[in-house]
Amino acid sequence: KNQVEQSPQSLIILEGKNCTLQCNYTVSPFSNLRWYKQDTGRGPVSLTIMTFSENTKSNGRYTATLDADTKQSSLHITASQLSDSASYICVVRGTSGTYKYIFGTGTRLKVLA
Amino acid sequence: SAVISQKPSRDICQRGTSLTIQCQVDSQVTMMFWYRQQPGQSLTLIATANQGSEATYESGFVIDKFPISRPNLTFSTLTVSNMSPEDSSIYLCSALTGVGDNEQFFGPGTRLTVL
């Protein structure tokens, strides 16, 4: 069964600190993996997208990594800000089936001053 | 890119009634989708809204309960019919702007509470 699991479920850090969120998936065959940020009461907004051949992709203070062999991805947030408080969702698309995206349950991040 | 708006942003409804949610995209898109996000949960795909034809529903979702329209390339509606408290959720509209691995954009969501 195609699944996407994220850890931790929730995380609290102090402003200025770094953190890393994890995503493990069993989706196969694999097409791409995306990380989204979802602020409370808003729709998800894309941070990064990586295909099978990409290992790292950055978007400002956000850096995503992908290990397609172990089916793991991480999202590293550097020098966290209060505005980083949100849910971060890992989404994996398989190659079978049109536009079938498997959503992780998300990690809820809270950044404290 | 695509900017997606939804109406209403939130509503409180009585059991047994129906609510239609509108989704408007600021540009023509190839694919439109409707998702449900229950409290503390991730997104679950309800259906793909097909322009000019019946929507394609995911397992567990049926047309009688969630009728969908997509009359053109920028607009879609989702109706939640004969509502029960279990339908309380956030409903999100989404769109793809091209083919292949194009970015998937999301609307702000409609927060529905059924009493």
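Residues numbered from 1 in each chain as written. Chains lettered and ligands numbered in written order. Predicted model: local features only at pLDDT ≥ 70, side-chain atom pairs only at ≥ 80, totals over all residues. Heavy atoms only, no water.

(A) Here's a closer look at the overall build of chain A. Looking only at helices and strands, chain A has 0 helices and 11 strands in total. Listed N to C, the secondary structure of chain A is β-β-β-β-β-β-β-β-β-β-β in terms of helices and strands. Within chain A, the fraction of its 113 residues that count as buried is 44%. Taking contacts inside chain A between residues at least 6 apart in sequence as the whole, the part at least 24 apart equals 56%. When the accessible area of chain A is evaluated, it comes to approximately 5,500 Å², of which 48% is carbon and sulfur surface. Averaging the coordinates of the 12 positive side-chain charges in chain A and doing the same for the 7 negative ones gives two points 7 Å apart. (Helix = DSSP H or I, 4+ residues; strand = E, 2+ residues; numbered from the N terminus. Buried < 20%, exposed > 50% of the residue type's maximum accessible area, 1.4 Å probe, protein only. Contact = heavy atoms within 4.5 Å. Areas by Shrake-Rupley, 256 points an atom, 1.4 Å probe, with all protein chains shown as cover. Lys, Arg positive; Asp, Glu negative; His and termini not counted. Charge placed at Lys NZ, Arg CZ, Asp CG, Glu CD.)

(B) Main features of the overall build of chain B. A count of helical and extended segments in chain B gives 0 helices and 11 strands. Counting from the amino terminus, chain B carries its helices and strands in the arrangement β-β-β-β-β-β-β-β-β-β-β. For a compact globule of 115 residues, the expected C-alpha radius of gyration is about 13 Å, and chain B comes in at 13 Å, within 12% of that figure. Based on the C-alpha atoms only, the size of chain B along its principal axes is roughly 40 × 25 × 20 Å. For chain B, buried positions account for 50% of its 115 residues. Restricting to contacts in chain B with at least 6 residues of sequence separation, those with at least 24 account for 54%. On chain B, roughly 5,300 Å² of surface is accessible, and the fraction owed to carbon and sulfur atoms is 49%. Charged side chains in chain B number 7 positive and 9 negative. The centres of these two groups are separated by 9 Å. (Rg over C-alpha atoms; globule rule 2.2 N^0.38 Å.)

(C) Examining the pairing of strand S3 (residues 19-25) of chain A more closely. All names here are of chain A. Of the two faces of S3, the one lined by Cys-19, Leu-21, Cys-23 and Tyr-25 is fully buried and the one lined by Thr-20, Gln-22 and Asn-24 carries no buried residue. Taken together, the 4 bridges between strand S1 (residues 4-7) and S3 define a ladder with antiparallel strand orientation. Directly across from Ser-7, in S3, lies its bridge partner Gln-22. By the bridge criterion, 6 bridges tie S3 to strand S8 (residues 72-77) in an arrangement that is antiparallel. Bridging from a neighbouring strand, Asn-24 pairs with Gln-72 of S8. (Pairing = 2+ DSSP bridges.)

(D) Quick look at the interface of chain B and chain A. The partner chain A presents 21 residues to the 20 residues of chain B that form the contact. Between chain B and chain A, the buried area comes to about 1,600 Å², and carbon and sulfur atoms account for 51% of it. Between chain B and chain A we count 0 salt bridges in total. Joining chain B to chain A, the criterion identifies 3 residue pairs in polar contact (both at pLDDT 80 or more). Listing elements by their share of the side of chain B that touches chain A, those giving two or more residues are strand S4 (31-37), strand S9 (89-96) and strand S10 (104-106) of chain B. It is S4(B) that provides the largest number of residues to the side of chain B that touches chain A, a total of 4 residues. For the side of chain B that touches chain A, a count of residues per class yields 9 nonpolar, 8 polar and 3 charged. (Buried area = accessible area lost by both parts, 1.4 Å probe. Salt bridge = Lys/Arg side-chain N within 4 Å of Asp/Glu carboxyl O. Polar contact = N/O pair within 3.5 Å; in protein donor to acceptor, adjacent residues only side chain to side chain. Nonpolar A, V, L, I, M, F, W, Y, C, P; charged D, E, K, R; others polar.)

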